[in-house]
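# What the coordinates show
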Amino acid sequence: MTTSCDIPGALISALRDARHVYILTGAGVSAESGVPTFRDAQEGLWAQYDPLQLATPEAFLADPELVWRWYRWRRELVAKAEPNPGHYAITQLAEQVPSVTLITQNVDGLHQQAGSSDVIEFHGNLFVDRCFVEGTLQANAGEQEAVPKCQDCGGHLRPGVVWFGESIPTAALDAATAAIGNCDVFMSIGTSSVVWPAAGFAAGAANQGATVIEVNLEETPLSSTTHIRLQGKSGEILPELIDCV
Ligand code: BV8
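To start, this report covers the structure provided alongside it. All of these numbers come straight from a predicted model, not from anything done at the bench. (Residues numbered from 1 in each chain as written. Predicted model: local features only at pLDDT ≥ 70, side-chain atom pairs only at ≥ 80, totals over all residues. Heavy atoms only, no water.)

## Examining the site of the ligand
- Taken together, 34 residues lie around the ligand, and Phe38, Arg39, Tyr71, Arg74 and Ser192 are the ones closest in.
- One of the backbone nitrogen or oxygen atoms of Gly28 is found 3.4 Å away from an oxygen atom of the ligand.
- Glu218 places a side-chain nitrogen or oxygen 3.3 Å from an oxygen atom of the ligand.
- Judged by the fraction of its atoms near the pocket grid, the ligand is located in the largest pocket.
- A class-by-class count of the residues in the shell around the ligand yields 15 nonpolar, 13 polar and 6 charged. (Near = heavy atom within 4 Å. Polar contact = N/O pair within 3.5 Å; in protein donor to acceptor, adjacent residues only side chain to side chain. 1 Å grid on protein atoms, 1.4 Å probe; cavity = no way out; pocket = protein on both sides within 12 Å on 5 of 7 lines; lining within 4 Å. Sits in = over half its atoms within 2 Å of the grid points. Nonpolar A, V, L, I, M, F, W, Y, C, P; charged D, E, K, R; others polar.)

## Some thoughts on the sheet that holds strand S7 (residues 185-189)
- Strand order in the open sheet formed by 6 strands is S3-S2-S1-S7-S8-S9, and the pairing between neighbours is parallel. At either margin of the open sheet sits one strand with a lone partner, and together these are strand S3 (120-121) and strand S9 (228-231).
- Contacting strand S1 (20-25), strand S2 (99-104) and S7, helix H6 (residues 85-96) crosses the sheet at an angle of about 165 degrees to S1. (Pairing = 2+ DSSP bridges. Helix = DSSP H or I, 4+ residues; strand = E, 2+ residues; numbered from the N terminus. Contact = heavy atoms within 4.5 Å. Axes fitted to C-alpha atoms, helices over the stretch in contact; angles between N-to-C directions.)

## Focus: the pattern of salt bridges
- If you walk through the whole model with that rule in mind, you get 6 salt bridges.
- Arg229 is the salt-bridge partner of Glu214, the closest N and O atoms lying 3.1 Å from each other. With Glu214 in strand S8 (residues 211-216) and Arg229 in strand S9, the pair connects residues that are 15 residues apart, well separated along the chain.
- According to the relative accessible area criterion, Glu214 is buried, its value standing at 1%.
- Glu219 is paired through a salt bridge with Arg229; the nearest N and O atoms lie 3.8 Å apart. Of this pair, Glu219 sits in the loop between S8 and S9 while Arg229 sits in strand S9, placing them 10 residues apart in sequence.
- You can call Glu219 exposed: its relative accessible area is 60%.
- On the accessibility criterion, Arg229 (26% relative accessible area) is partly exposed.
- A single salt-bridge network, built from bridges that share partners, covers Glu214, Glu219 and Arg229. (Salt bridge = Lys/Arg side-chain N within 4 Å of Asp/Glu carboxyl O. Buried < 20%, exposed > 50% of the residue type's maximum accessible area, 1.4 Å probe, protein only.)

Right, here's the structure in full:
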C-alpha cells in the first residue's frame, strides 16, 4: 500500500486492522518535553553521578539526603515539563483503535497529563512518596530540603518509584504481561530496551504473532528483531503516524 506519508504501508495496515495495540514507552518519549533520559548526561551537580547507581535502595541507605536531593531536583524539573506531540499522539491512537494497553517506564506522569487513561506506570511515579520502612503511601512531601519522615513510624520517606534491584509492583507486572499474550501490534517507543523485565516484552509479543514496531532515535538491542523500525523523534513520527492511520 503506498501512502502520502513516510509511514510504511505495512504499519498503517497493521494499525488499521489491529484489535489490541500494546504500547511500551521509555524516557525517549519525554525527551522532547525537556525531561533528560537516563542516558543523557545529568545536568549540573548530577552530572557526576550515575543514575543507575543512584536509583537503588543501597544508594538511599548509604546517603538518603543525596538521593532525596536528586529526586527533588527531578521533581522540580518534571513539574515544569509539558506533554509533547508524541504524548498526545499516543492518546489519540488509543481513541482510534479498539483496545490499547499503555505501559510506561517513565515516572513523570506526562502520559496522564496528555489525556491517556489507564496508564500502567511500570516503574512507579516520581510524585508519590512512600515510607522506606513500611512501604506505605504517604502524603506527598513536595520538595522539602531534608528527607521527610513517615508520620506513622518516623522512618525516612522515599519516592514511589521502582529502584534497580526492586521488584515491579505485582498489579503492574500482571497487567503488563497479560496484555502481551493478546496484542496484535506491539509498539516500543523511546526506550533503550535494556531495563528488565520490560525489555523482554517485545519478544513475548512477537512469539505469539504480534507485529513489533520500534520508534527510536537510535538502534537498540531490540532493533534487529523488530518487524518495522522508524528512526527519529517520537514527537515527530507519532503525529504523522496518527494522521496516516
Ligand atoms: C526487577 C524508576 C526483579 C527509577 C527505573 C535480567 C537481566 C539483566 C538484569 C536484570 C534482569 N532482570 C532484572 C535485572 C536487574 C535490573 C535491570 O534491568 N538492570 C539493567 C540495567 C541491566 N532490573 C531491575 O532491577 C527491575 N526489577 O526485575 O526485579 C529482579 C531484581 C534484581 C535482579 C533480578 C530480578 C527494576 C527496574 C526498574 C528501574 N527503575 N526507573 C527512577 O526513574 O529513578 S528504570 C529507568 O531506567 C527508566 O525508567 C528507564 O526505563 C530506564 C532506562 O533509562 P533511559 O535510558 O533514560 O530511558 P530509556 O531506557 O527509555 O532510553 C531512552 C531511549 O530513548 C534511548 O534509546 C534513546 O535513543 C531514545 N530517545 C531519546 N530521545 C528520543 C528517543 N526516542 C524517540 N524520540 C526521542 N525524541
